[in-house]
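Residue strings, one per chain:
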Amino acid sequence: MREWTREERYQVLESPEQVKELHERIKTSAWRQTYHVQPVTGLSSDPNGFAFHKGVWHLFYQWCPWGAVHGLKYWYHVTSLDLVHWKNEGVGLAPDTYYDNKGAHSGSAISDGENLYFFYTGNHRDEDWTRTPYTCAAKLGDDGKPVKREKPLFGPRDDYSEHQRDPKIVWNEEKKRYYIFIGAQTLDGKGTAQVYSSEKLFEGWKFEGQLHVVGYEDFGGMWECPYIVNISGKDLLIFSPQYTKLPGRAESTNHNVYFIGTMDYDTLTFAPDEGFSHLDYGFDFYAAQGAANVGDPDKGILLAWIGLPDNHYASAEEDWEGSMSLPRELRIKDGHLYQYPVKEVMALRDEEIKPEGKLPKAAEMELTCDGGDLDLNLFTLADGNGGLTIHYDASSQTMTIDKSHLTLRFNEAVGEKLDMPLRTPLKKLNVFIDHSSVEIFANDGEETFTAHVYPTKEETGYTLVGNAVAKLWPYKASVKDDFVI
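Each residue is numbered by its place in its chain's sequence as written, counting from 1. It should be noted that, the model being predicted, local features are given only for residues of pLDDT at least 70 and side-chain atom pairs only at 80 or more, the latter also being counted only at that level, while totals for whole chains, interfaces and linings use all residues. To get the side-chain values, take all heavy atoms of the structure and skip hydrogens and water.

### What to know about the sheet that holds strand β23 (residues 336-341)
Condition: Two strands make a pair as long as DSSP finds a minimum of two bridges between them. Strands here mean DSSP runs of E at least two residues long; helices mean DSSP runs of H or I at least four residues long; both are numbered from the N terminus. In this description, a line fitted to the C-alpha atoms serves as the axis of each element, helices being fitted only across the stretch in contact, and the angle between N-to-C directions of two axes falls anywhere from 0 to 180 degrees.
The 4 strands lie next to each other as β19-β20-β22-β23, forming an open sheet whose pairing is antiparallel. Taken across any chain shown, the strands that pair with only one partner, and hence form the sheet edges, are β19 (286-290) and β23. With direction set aside, neighbouring strand axes in the sheet form an average angle of 35°.

### Some words on the pairing of strand β9 (residues 160-172)
As a reminder of what qualifies: The classification of residues rests on relative accessible area computed with a 1.4 Å probe and restricted to protein chains. Under 20% of the type maximum is buried, over 50% is exposed, and intermediate values are partly exposed.
Burial runs high along β9: 11 of the 13 residues are buried. Sheet topology places β9 next to strand β10 (residues 177-186); 8 bridges connect them, and they run antiparallel. For W171, the partnering residue across the bridge sits in β10 and is Y178. Linkage of β9 to β10, two consecutive antiparallel strands, is achieved through a turn of 4 residues, within which K176 is found at a positive phi near 55°.

### Here we look at the environment of E208
The line we're drawing: Residue contacts are counted whenever heavy atoms from the two residues lie within 4.5 Å of one another.
Within the secondary structure, E208 is located in strand β12 (residues 206-210). Between the C-alpha atoms of E208 and S197, which are 11 residues apart in sequence, the distance is 6.7 Å. Ignoring any residue separated from it by four or fewer positions in sequence, one finds E208 in contact with R177, V195, Y196, S197 and L268.

### A closer look at helix α2 (residues 17-26)
The test is simple: The arc under discussion is defined with respect to the helix axis, by the directions toward the C-beta atoms.
Residues of α2 that are buried: V19, L22, H23 and I26. With its buried residues spanning 105° around the axis, α2 presents them on a single face. Exposed and oriented more than 90 degrees from the buried face of α2 are E17 and E21. Lining the buried residues of α2 we find β1 (42-53) and β21 (320-321).

This is the structure we're talking about:
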């Protein structure tokens, strides 16, 4: 693994020519995705600025141009008309002011119908590397590029630690006010969220107080990427607790969780209907962000970074890393959250092929299950051995995914085997395979599991044992791997 100096990680991108050769090199990688958003060069992490505006879906991702390393962060911009076919638009926000001199960090977006507004964390560092996080704003210009507000909306509060970031902007129709939720850490090291409000987007912001999630006053050491939305009359709260281990999650200290309950904006209290649930049970799913302006009160649209902070992946040897998950439709039914790829993804299905033991590089596999245990092994060798093993135990209604049998192993110390418990017996399993990722949806989105995988050229097979019928569709490409800076 390459060691990067601070100077290398935080160098400023002054010309596309600085990374053109890198793009030319990595675009030939066997692990480049064909229907997932991925970095044009270097590293992608958190999704940002996800919103629907004037017929176009806008999405940005945290981007470090230089390689598979966290350093000076930009917002890179992609657009889509259908949430499936994505076009590279180039740099959206650059760290080019005093307030964000060491990074345009994560944030969100909202449209008022006429304009699209962005809210992000400006990561400022002094000469002694002391961090000051500012909450900054921008507006989409006529040329399709965000134009920054001259000054931040507000700075950090000194009654919290330096960890104050990831502003999520929401509109509350009842209060006729905008609210910003900011992931934060208290001075005694507890995770929380700050809440600000204003009647206007670019002015008048007032600190309202700290979010109180009943029963979770001491949960994790920092809450990244808070997100709240009302779906079918229920409030859904999502965030990423850090610096804590959770049962059944091996050695990971970074998670993505959700609560279904009721948000009281008068008291800033979220009352969960029950305890937290994992948004995704996989090895690599983090910093999920919901889209603004979905336009349907009965659903949300969400995607996440396929990756985790502090983890490293096999593609790092090629100087790139990361991708976005498939966009998911969120529904709340019978008090539970269901997540499934947006219906437009199904248009990528090519002509169905007979499942004969060989996997296309990009595909969807659907299993219809009829009871009993099940074993599905993906990316096996020619003799059927190895691969990503997926075992379903019918007696406990638990699926266990183990990646330790793949040739290229990574993040072993964090954990290579995880469980995905189901609420109901397994009836259906949909597996979405791209060149370096797997996304598993059980029982039409009852639970999900996302992971990076890096199969070698010998790992092209699969085996299936159990009472299940398989269908297999190769997938068409839907992302443009164009060099646009």
